[in-house]
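Here are the chains, one letter per residue:
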Amino acid sequence: MLDFFFSYTDKITGAVFDPSKRMFVGYLATAIGLALLYLIFSRGLSFRQGLSAVFSKKVIWSPSSQADLKIFAINQAVMLGVAPRLISRLALATLLFEGLHPLIGGRPILLDQAPVWVIAFLYTVTLFLLDDATKYLLHRCLHRWPVLWAFHKVHHSAETLTPLTVFRTHPVEGILFALRSTLVQASVIAGFVFFFGGRVELLSILGANVFLFAFNALGANLRHSHIPIRYGRLIEHFLISPAQHQVHHSAAMRHFDRNFGAVLAIWDLIGGTLYVTRPKERIRFGLSNTIRPHSLQALYLTPVTDAWQAVRNSASKGSIMTKTITAFLTGRLTSRSTKHLAGAIGLSLAIVAAGIGHAMGGELNIYSHRQPFLIQPFIDAYQEETGTQVNIVFAKKGLAQRLQAEGERSPADVVLTVDIARLHVYADKDLLATVNSPILEKNIPAHLRDPGNRWFAFSKRARIIAVFKEAEGKEGLKRYEDLAGPDWKGRLCSRPGSHVYNRALLASMIHAHGEAETEAWAKGVVANLARRPQGNDRAQIKAIFEGQCDATVVNNYYIGKLANSEKAEQREWAAAVELIFPNQDDRGTHINISGGGVAKHSKNKEEAIRFLEFLTEQKAQELYGAVNFEYPVNPAVPTPGSLSFGGDFKEDTMPISTIADLAPLAQRIIDRAGW
């Protein structure tokens, strides 16, 4: 018992007097000095006022800070018992060193003529970079995998930040980081000793890695503080500033999934998680949905039960590892940059792309497939009208999977997307809430909303025919069906048939004509193509302008964007074509929609419904035309002037949900036709 007491005392004092530790008294002193300089020269405070601000009693003796102190004291004792039972750095390094001999087939000594300092420099840099990169990956994993988030949320439950907050971690997280450190250090030691022999040594200051010494001496302790020191936009692309890490602790949704890095910001830059701070940014720390966040039960016991529940949820849906890899591959790793990051650091440390879920009171959180610049005018108008803070998470792909993975802890209130097929995915996965709103029922015709009131259309886009103004026989082109006729042999161009726009068109034709006739039409269109299907709708208009073909099918808003483009050449493309709204004498022109619904587990359902209703009222409906060149769904709102190039038209009133139902059959026809 006495040995344990002395070991415990050494561990506590070591955190303060060991220069390799963040809490070294010298680092604390430099942090206080930097904080005072910032407050005096940037905020205009006196020295006395600066000291009062740095040592604010509301911060350093808040319930949150008191909990930091408790968990620091308890964890030191826990890790004294756990650490000896973990694999040691020396044992693992020896194992790896011996394993390299048969793997390499001998022991080559590299750079045997190089000075010792060169090897030391390479070793120190390699250790620092690999250590920092793996901290980023593990940290990101702690946020993205619900089982691990159950433990990591202990750290994020801090409502005030002090240097002691760095120790506010559940023991499970402490073990994970200890194993990570052991793996990194053992791997680098084994590799360098194997290839460079006895010349391996660490460039250090007072026994600490020179890079980490500099990082800690330059105010690392201010990361967990209320002093928001920024490095400026340029530097914050390379180094994580105290303000950037404070953003990471923010409870605001716009800051979620940002700034996972420890020292370097380049991992966040590569991984698409970098957030560069802004002046005077107000930040609230903590979790909004944690009961008694500073109690020992919330800090130690609740994470265990939450983690067990996450395991059960994953197991009920299949292998945890399978689900992890699936979410990983279908989430943010779909971006090229994150794939490069994973390739650089190793797929074995890959993380799950499923976001953090924190319900935020007084805010509306939107998951959007539509690009931010397209919906920002609507958000601005709504915020101006209601005063509600609106936050947006944008992704072209993976949002449904993310919402599904988050489950009840999802922060999403509203889902916005384009195309009925995507809306159907959310409904099919039971991710949308049933909404009872007389306003939505009044403003949106029945064929443009879900029969079960889970999703609603907010704008319409017509699939129209664009034909070269001087094309021979264009007068006879009045119906989609005419495109398969012999007059257009070798004169059509098209994007790939499997694209959702064309698949939806085929679904509408199946509804009108049946499978056999639609397949014959698709084969006729393919036979009339002037080139293989390629490009987007803009590319088809360009092809007509360049004389590669005479006619194509496009969404109407592409014409509006081209005609109003800042690029003269794109305006010329639009001017070269004449627009035809097909089937005006029978069923009407096929339309698709943009739309959305209320997330099933929204914590702000009333606000979410109010936002959907706003999108169907005149102001927003006119914005759809002005910003996106899309038609209003509300019959009471006239076609805006921005769509004067198309005017009013007769639309196909087939229930839009039918498109989703017939999409699989439409895809089979596309495949058989070779489109």
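Up top is the structure these notes are about.
Presented here is an overview of the structure given in this document. Throughout, residues of each chain are indexed from 1 in the direction in which the sequence is written. Note on the predicted model: pLDDT of at least 70 is required for a residue's local features to be given, and 80 or more for side-chain atom pairs to be given and counted; whole-chain, interface and lining totals, by contrast, use all residues. Derived side-chain values reflect all non-hydrogen atoms in the structure, with water molecules and hydrogen atoms excluded from consideration.

1. Side note on the state of the cysteines
Our working rule: The term disulfide is used for any two cysteine sulfur atoms that are within 2.5 Å. Runs of H or I in DSSP of at least four residues are treated as helices and runs of E of at least two as strands, each being numbered from the N terminus. Think of it in three bands: residues with accessible area under 20% of the maximum for their type are buried, residues over 50% are exposed, and the middle band is partly exposed, with areas taken using a 1.4 Å probe on protein chains only.
Summed over all chains, the structure comprises 1 disulfide. The disulfide bridge from Cys 493 ends at Cys 549, spanning 2.2 Å between sulfur atoms. The S-S bond linking Cys 493 to Cys 549 shows a torsion near 45°; that makes this disulfide right-handed. Placement of Cys 493 in the loop between strand E6 (456-468) and helix H20 (500-513) and of Cys 549 in the loop between helix H22 (537-545) and strand E7 (551-555) is noted, with a sequence separation of 56 residues between them. Take Cys 493: its relative accessible area is 3%, and that puts it in the buried class.

2. With respect to the packing of aromatic side chains
Pairs of aromatic rings are described using the distance from one ring centre to the other and the angle between the two planes. As a reminder, the rule being used: Only Phe, Tyr and Trp rings take part, Trp by its six-membered ring, and two of them pair if their centres are within 6.5 Å. Stacked means planes under 30 degrees apart, edge-to-face means over 60, and tilted covers everything else.
Taken as a whole and judged by the stated rule, the model has 16 aromatic pairs. Ring geometry for Trp 521 versus Trp 675: centroids 6.1 Å apart, planes at 65°, classification edge-to-face. Placement of Trp 521 in helix H21 (residues 515-527) and of Trp 675 in the segment after helix H27 (657-673) is noted, with a sequence separation of 154 residues between them. Residue Trp 521 shares its accessibility class with Trp 675, and that shared class is buried.

3. A short note on the pattern of salt bridges
Heads up, the rule is: Whenever a carboxyl oxygen of Asp or Glu lies within 4 Å of a side-chain nitrogen of Lys or Arg, that contact is scored as a salt bridge.
The full count for this structure, using the stated rule, is 26 salt bridges. Residue Glu 519 is joined to Arg 672 by a salt bridge in which the shortest nitrogen-to-oxygen separation is 2.9 Å. Residue Glu 519 is located in helix H21, and its partner Arg 672 is located in helix H27; the two are separated by 153 residues in the primary sequence. Between Lys 542 and Glu 546 there is a salt bridge, with the nearest N and O atoms lying 3.9 Å from each other. Beyond isolated ion pairs, a larger network of salt bridges with shared partners links Arg 479, Glu 481, Asp 586, Arg 587 and Asp 652.

4. Observations regarding a nonpolar patch on the surface
What counts, and what does not: For patch building, the residue pool is restricted to those with more than 30% relative accessible area and no salt bridge; the joining distance is 9 Å between like charges and 5 Å between nonpolar side chains (Val, Leu, Ile, Met, Phe, Trp, Tyr). Per-residue and other accessible areas were derived by the Shrake-Rupley procedure at a 1.4 Å probe size, with only the shown protein chains allowed to occlude residues.
Residues Phe 47, Leu 51, Phe 55, Ile 60, Trp 61 and Leu 69 make up a contiguous nonpolar surface patch of roughly 580 Å² in combined accessible area. Following the sequence through the fold, Phe 55 ends up in the loop between helix H3 (47-54) and helix H4 (57-60). Residue Phe 55 is classed as partly exposed on the basis of its relative accessible area, which comes to 43%.

5. Describing the environment of Lys 70
Relative to the helices and strands, Lys 70 is located in helix H5 (residues 63-82). According to the relative accessible area criterion, Lys 70 is partly exposed, its value standing at 46%. Separated by 97 residues in sequence, Lys 70 and Phe 167 have C-alpha atoms that sit 9.9 Å apart.

6. Digging into the nonpolar core
Short version of the rule: Only buried residues count toward a nonpolar core, which is a set of Ala, Val, Leu, Ile, Met, Phe, Trp, Tyr and Cys residues joined through side-chain atoms within 4.5 Å. Residues are treated as being in contact if the distance between any of their heavy atoms lies within 4.5 Å.
In this structure, Trp 521, Phe 611 and Leu 615 are the most contacted members of the largest nonpolar core, which totals 103 residues. Setting aside its immediate chain neighbours within four residues, Leu 615 contacts Phe 378, Leu 416, Phe 458, Ala 620, Gln 621 and Tyr 624.

7. Brief notes about unusual backbone geometry
At Asp 430, a position not held by glycine, the phi torsion is positive, near 60°. With respect to the helices and strands, Asp 430 occurs in the loop between helix H18 (420-428) and helix H19 (438-443). With relative accessibility at 42%, the residue Asp 430 sits in the partly exposed group. With a phi close to 60°, Asn 583 is a non-glycine residue in the positive phi region. Considering the arrangement of structural elements, one finds Asn 583 in the loop between strand E8 (577-580) and strand E9 (591-598). The exposure class assigned to Asn 583 is buried, which follows from its relative accessible area of 0%.

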